[in-house]
Amino acid sequence: MKVQSTTTQQDDHFLISNYDYKSTNIEKNGDKYIAKPQTTNFKFKTDTRIPKLGVMLVGWGGNNGTTLTGGVLANKFNITWNSKRGTHQPNFYGSLTQSSVIKIGTCNTEEVFVPFKDILPMVNPCDIVFGGWDISAMNLADAMNRAQVVEYDLQQKLRPYLEKLVPLPSIYYPDFIAANQNDRADNVIPGNNKLEHLNVIRKNIADFKQLNNLDKVILLWTANTERFCVEDPNIHGNAEKLLKSIESSHPEISASTIFACAACLEGCSFINGSPQNTIVPGVIELAEKAGVFVAGDDFKTGQTKFKTCLVEYLVGAGIKPKAIISYNHLGNNDGKNLSQESCFKSKERSKKTCVDDILESNKVLYPTEEELNIDHTIVIKYCPETGDSKKAMDEYIAEIFLGGRQTFAVYNVCEDSLLAAPLIMDLLLLCELFERIQFSKDTSEFQRFDTVLSWLSYLMKAPKSESGITTINSLSRQRAMLENLVKVCAGLTIDDNLRLEVRYG
Ligand code: NAD
C-alpha cells in the first residue's frame, strides 16, 4: 500500500505524516455545557527500518511461553500436523496485527480492507529470536508436553526445534507466588542478594543481544501471577529509592520488579502480562530515563474481552447492568498458582476494574456513586481435569424498561494459552513499532510516546496509563485507538463511519 498525499513525506528511513487532530473542548457553565470544536496539528514520524528483534520471556517454560514459541516456529517452518479433524496448517488466528484487517478506503463504492500488519512496516513474527528464563529447567519440548496445550502431532514435529531451547535460571522469591509452585523450582539463581540477581539478569540480556546480533530486545513477564508487593513510596517511590531497596534486598521487592528494572537498565521495554503491581513508580522513572516503554497489566484474552464488549453494548444501548457474576474453573498451572488466596487477590483486582469507566461514562443510568457499585463478583477455582481449557461462566443481570430485567448467561471456553500466545505476539510487535514512532505537536520537537504505553490497552485486562490520563476499558474504543493511530501515522484518513462517499458519491 502506498499513500499519495500532500500531507505525507517519505524517504529511505522515515515516513512523516501531518495530521489535523479535531477535538472538542467542553466548558461547564452551571448545568450547561459549551462545546468548542478545535484543531491541533500533529506530525507523526515513523522509522520504517525494521530491526532484528529479540524477545526474552520470563516464564518461558510455561503454557504461554511454550505455545508462543512453538506456534511461531510452526509458522516459520510451515509445519503441518494431523488430528482427527484432518491436516492443519499453521496460522496466526487471534492476532490483531497478523489476522485482523483495517479498512483503508473505498474503491468505487466497495470498501477495501488490508491486514493490520500492512499499514506500517512491522517486524515479521517469524523473524523474532526468542529466549528467556524459567524457575523450571525443563527444555521447551518437554515443557510443551507438560503444558498439554498443543496437539500431540504438532508437539512431536516441533520437538527437534524446541528441545534445544532451555530457559536460563531465574530469580525465585517463594513468598510472592503460591507455595504449590515450589516443586518445579529447580532452575534458580542462587543466593538472596537482590542486587546480585539484578546484575545476573542484566548480563543475561546483554549476552542474549550480543550473541544473536540483535538490534533490540523486549522483555515480557508471562510467569506466575505474584501477590501484590506492599507498595511504599520509601521503597518503590522513585528510581533511586527502588535501586537502594534492591541493594538492601528489601523483602517487598518482587522478582517481576527486578526483571522490569533489569530491562530498563539494559535499554529494553518491559511488558507485564500478569496482574500484580510490578510497574511501581521507580520502574517508570527508570524506563523514562532509559527512553524505553513499560506496559501492563495482565493479558486481556477471553472472558474479560467478552465482558468489556457486552457491558459496552448494554450501556451503549441505554440498558443498566446491575450485576456481573463471573465463575472460572481452570486446570493449568496458572490456575494452580491462583488457588493461593494472595495470588488470586491480584487477579480479582484486574478482573473487577475492567468495566468501571464504561459504567461511569453514563450518568443517565448511574447518576450516583452508590449506583456504580454494582454486584461484580469473581470466583476462580482450580480443577486439574479442565487443563488449559478454562471455562468461564458469567451471568449479567441488567435493568431494562419499566423495571424489567434482562439476563445473559454466557458460557465461554477460553483455550487459555491458544488465546494468549497470539496476543503476546501483538504486544511485542506493537511495542516494537511504537519505539519507532515519534510525534510533534504544533511546532514542537519530535518526541516519543509517554513511558507508560497505554496505546496497548486493547490487549490488557487492567491497562496502565500515564498518571492523569483516564483508563479506557471499552474494547471498541481501545481497538479504534490503535487502528486510528497506525492509519494516522501512515497518512490515511480515519474512518468516522458516515460513509458519505458511498451514499452521495
Ligand atoms: P504457567 O504457570 O503455565 O507458566 C508460568 C511459568 O512461569 C511457569 O513455567 C513457571 O515455572 C514460571 N515462573 C514462575 N515464577 C518465575 C520466575 N520468578 N521467573 C521465571 N519463571 C517463573 O502460566 P501461563 O498459563 O503460561 O500464564 C502465565 C501468566 O500469564 C500467568 O500469570 C497468568 O495469570 C497470566 N495470564 C494468562 C492468560 C491466558 O489466557 N493464558 C491471560 C491473562 C494473564
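For the structure itself, consult the block above.
Residues numbered from 1 in each chain as written. Predicted model: local features only at pLDDT ≥ 70, side-chain atom pairs only at ≥ 80, totals over all residues. Heavy atoms only, no water.

Caption draft 1: Quick peek at the pattern of salt bridges. Throughout the structure, instances matching the rule amount to 23 salt bridges. Residue aspartate 495 is joined to lysine 103 by a salt bridge in which the shortest nitrogen-to-oxygen separation is 3.1 Å. Separated by 392 residues along the polypeptide, aspartate 495 in the loop between helix 16 (475–490) and helix 17 (500–504) and lysine 103 in strand 7 (residues 101–107) bring together distant segments of the chain. On the basis of relative accessibility, which here comes to 27%, the residue aspartate 495 falls in the partly exposed class. (Salt bridge = Lys/Arg side-chain N within 4 Å of Asp/Glu carboxyl O. Helix = DSSP H or I, 4+ residues; strand = E, 2+ residues; numbered from the N terminus. Buried < 20%, exposed > 50% of the residue type's maximum accessible area, 1.4 Å probe, protein only.)

Caption draft 2: Seen up close, the packing of aromatic side chains. Overall, the coordinates contain eleven aromatic pairs when judged by the stated rule. Ring centres 6.1 Å apart and planes at 90° place the aromatic pair tyrosine 21 and phenylalanine 42 in the edge-to-face group. Taken together, the positions of tyrosine 21 in strand 2 (residues 14–29) and phenylalanine 42 in strand 3 (residues 32–47) put the pair 21 residues apart, joining distant regions of the chain. Consider the rings of tryptophan 133 and phenylalanine 259, whose centres lie 4.9 Å apart with planes at 70°: the pair is edge-to-face. With tryptophan 133 in strand 9 (residues 129–133) and phenylalanine 259 in helix 8 (residues 255–265), this residue pair connects regions lying 126 residues apart in the sequence. Among the residues examined, tryptophan 133 registers a relative accessible area of 0% and is labelled buried. In this structure phenylalanine 259 comes out as buried when scored by relative accessible area, which is 0%. Among the aromatic residues, those joined into a cluster by ring pairs are Tyr19, Tyr21, Phe42, Phe44, Phe434, Phe439, Phe449 and Trp455. (Phe/Tyr/Trp six-rings, centres within 6.5 Å; stacked < 30°, edge-to-face > 60°.)

Caption draft 3: Local environment of the sheet that holds strand 2. The five strands are arranged 1-2-3-17-18 in an open sheet whose pairing can be described as antiparallel. Edge positions in the sheet fall to strand 1 (8–10) and strand 18 (447–448), since each of these pairs with one other strand and no more. Sheet topology note: the strand 17 (residues 437–441)/strand 18 ladder contains two bridges and is antiparallel. For glutamine 438, the partnering residue across the bridge sits in strand 18 and is arginine 448. (Pairing = 2+ DSSP bridges.)

Caption draft 4: Spatial organisation of the layout of surface pockets. Size it by volume and the largest pocket reaches roughly 1,000 Å³. Lining of the largest pocket is provided by 29 residues; of these, Tyr21, Trp455, Ile469, Met481 and Leu485 occupy positions nearest its centre. Ranked by the residues each element gives to the lining of the largest pocket, the list is headed by helix 16, at six residues. Here the lining of the largest pocket is composed, by residue class, of 15 nonpolar, eight polar and six charged. A volume near 590 Å³ is recorded for the second largest pocket. Breaking the lining of the second largest pocket down by element, the ones donating at least two residues are helix 1 (63–76), helix 4 (152–162) and helix 15 (416–435). When residues of the lining of the second largest pocket are assigned to their parent elements, the largest contribution, seven residues, is made by helix 1. Its residues assigned to classes, the lining of the second largest pocket comprises 17 nonpolar, nine polar and two charged. (1 Å grid on protein atoms, 1.4 Å probe; cavity = no way out; pocket = protein on both sides within 12 Å on 5 of 7 lines; lining within 4 Å. Points joined across faces, edges and corners; volume = space filled by probe spheres on them. Nonpolar A, V, L, I, M, F, W, Y, C, P; charged D, E, K, R; others polar.)

As far as function goes, none of this settles anything; it's purely spatial.
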